[in-house]
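Notes for the structure review
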Amino acid sequence: MSDLTLDNVARFSADGFRQRALHQSGGPLDTAWRDHGDHLLNPQFVDITRELKLRDAAVLVPVVDDGDEAKIILTQRTATLRKHSGQIAFPGGAVDPEDGSPEDAALREAREEIGLDPRFVEPLARLPQYYAMTGFRITPVLSVVQRGFDLKLNPTEVDDVFEVPLSFLMNEANHQRGSRQFNGSERHFYLMPYENRNIWGITAGILRTLYERLYA
């Protein structure tokens, strides 16, 4: 869908996001994962990760309907978690056997972690999977969330929850790059500092993919 089709919809509104999510560019999901985000920066790590025994996971990318300026809900994980402790994350986790789909898993995890009632959530589409060196194959589930929800944090998993304007996260000027040594090799990643928060790693990689497929 071209931007001309979206002339009557605010670029960073929930309606604009919905239309872009349903008509995203960048090739079919099952092959596009390699061409986006920090996968594109680290092709050697992606190949290594795909050879691991991966567990399926899903995250909810919750875009809150707030007029012309939609927001994305993000969490800060507790410092006591075994993996990704203290980091900024989307609500989400492993896909359990009883989950019928990644969408079901993402909605369940969002309810368990931050008390987000699925009645307020409209799942729309998926992004290409993200392959994490921590052993997960993550499906990001794009969604629109209507106001009226009340959140209740699970203190064993989440220290805080906050919202970031979609327009900030989808502005390439706010996408910085960093690198670290990992097993003797340099690994590159995206960073998106917002106020006193440092959004990086998997979350920034997914957000970068969102930008590339919907807003670039």
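You'll find the chain entered in an unreviewed UniProt entry as CoA pyrophosphatase, with Aliirhizobium smilacinae given as the organism.

What follows deals with the pattern of salt bridges. Inspection of every chain in the model, using the stated rule, returns 16 salt bridges. Of the charged contacts, one joins R137 and D56 as a salt bridge, the two residues approaching to 2.8 Å between their closest N and O atoms. Highlighted residues: R137 in strand β7 (residues 136–145) and D56 in strand β1 (residues 55–64), separated in sequence by 81 residues. By relative accessible area, which is 22% here, R137 ends up partly exposed. Overall, D56 belongs to the partly exposed group, its relative accessible area being 35%. Between R208 and E212 there is a salt bridge, with the nearest N and O atoms lying 2.8 Å from each other. Residue R208 and its partner E212 are located together in helix α7 (residues 201–215), separated by 4 residues, close to a single helical turn.

Turning to helix α5 (residues 102–114), a few remarks are in order. An ideal rise of 1.5 Å per residue puts 18 Å on 13 residues; α5 measures up with 18 Å between its terminal C-alpha atoms. Burial in α5 covers these residues: P102, E103, A105, A106, L107, R108, E109, A110, E113 and I114. For α5, the elements touching its buried residues are β1, β2 (71–77), β4 (92–94), β5 (121–126), β7 and β8 (158–165).

Let us now look at the packing of helix α1 (residues 14–22) against α7. Their axes nearest at 9 Å, the elements α1 and α7 cross at an angle of 85 degrees. With respect to their mutual orientation, α1 and α7 come out roughly perpendicular. For the pair α1 and α7, contact is made by G16, F17, R20 and A21 and by L210, L214 and Y215, respectively. Residue composition of the contact of α1 with α7, grouped by class: 5 nonpolar, 1 polar and 1 charged.

Membership of the largest hydrophobic core comes to 40 residues, with the highest contact counts inside it found for F17, I199 and L210. Ranked by the residues each element gives to this core, the list is headed by α7, at 8 residues. If near-sequence neighbours (up to four positions away) are discounted, L210 is found in contact with F17, V61, I72, L127, L142, M170 and Y215.

Turning our eyes to something else, we now look at the sheet that holds strand β10 (residues 185–194). Taken together, 3 strands build an open sheet; the order of strands is β9-β10-β11 and the sheet is antiparallel. Because the sheet does not close on itself, it has two edges, and the strands there are β9 (176–182) and β11 (197–200). Strand-to-strand, the axes of this sheet are offset by a mean angle of 40 degrees, without reference to chain direction.

Backbone geometry places E195, a non-glycine residue, at a positive phi of 50 degrees. Judged by its relative accessible area of 70%, E195 is exposed.

Another aspect to go through is the packing of aromatic side chains. Going through the model one piece at a time under the given rule, you end up with 4 aromatic pairs. Aromatic pair F168 and Y194: ring centres 5.0 Å apart, planes at 65 degrees, arrangement edge-to-face. Of this pair, F168 sits in helix α6 (residues 166–169) while Y194 sits in strand β10, placing them 26 residues apart in sequence. Sitting above the plane of the F162 ring, R197 keeps its charged end 4.0 Å from the centroid.

Our focus in this paragraph is the environment of G67. Checked against the element boundaries, G67 lands in the loop between β1 and β2. Here G67 falls in the partly exposed class, since its relative accessible area comes to 43%. Taking the C-alpha atoms as reference points, G67 and E113, separated by 46 residues in sequence, lie 26 Å from one another. Excluding its chain neighbours within four sequence positions, the residues that come into contact with G67 are S13 and A14.

Cut-offs applied
- Residue indices begin from 1 for each chain and proceed along its sequence in written order.
- Totals for whole chains, interfaces and linings use every residue, but because this is a predicted model, local features are given only for residues with pLDDT of at least 70 and side-chain atom pairs only at 80 or more, for both listing and counting.
- In computing side-chain values, all of the structure's heavy atoms are included and hydrogens and water are not.
- A pair is scored as a salt bridge if a Lys or Arg side-chain nitrogen falls within 4 Å of a carboxyl oxygen belonging to Asp or Glu.
- Numbering of helices and strands runs from the N terminus; a helix is a DSSP stretch of H or I covering at least four residues, while a strand is a stretch of E covering at least two.
- Any residue under 20% of the maximum accessible area for its type is buried, any over 50% is exposed, and the rest in between are partly exposed; the area is computed with a 1.4 Å probe on protein chains only.
- To estimate how far a helix should reach, multiply one less than its number of residues by 1.5 Å.
- The contact criterion used throughout is that any non-hydrogen atoms of two residues lie within 4.5 Å.
- A fitted line through C-alpha atoms represents every axis, and for helices the fit uses only the stretch in contact; the resulting angles, taken between N-to-C directions, go from 0 to 180 degrees.
- An angle below 35 degrees is read as roughly parallel, one above 145 as roughly antiparallel, one from 65 to 115 as roughly perpendicular, and any other as oblique.
- Following the grouping adopted for this structure description, the nonpolar residues are Ala, Val, Leu, Ile, Met, Phe, Trp, Tyr, Cys and Pro, the charged ones are Asp, Glu, Lys and Arg, and the polar ones are all others, Gly among them.
- Buried Ala, Val, Leu, Ile, Met, Phe, Trp, Tyr and Cys residues that are joined via side-chain atoms within 4.5 Å together make up what is termed a nonpolar core.
- The pairing criterion for strands is at least two bridges between them, as found by DSSP.
- Side-chain rings of Phe, Tyr and Trp, where Trp is taken by its six-membered ring, are said to pair if the distance between their centres is within 6.5 Å; with planes under 30 degrees apart they count as stacked, over 60 as edge-to-face, and otherwise as tilted.
- Look at NZ for Lys and CZ for Arg. If either is within 6 Å of the ring centre and within 35 degrees of the ring normal, a charge sits over the ring.

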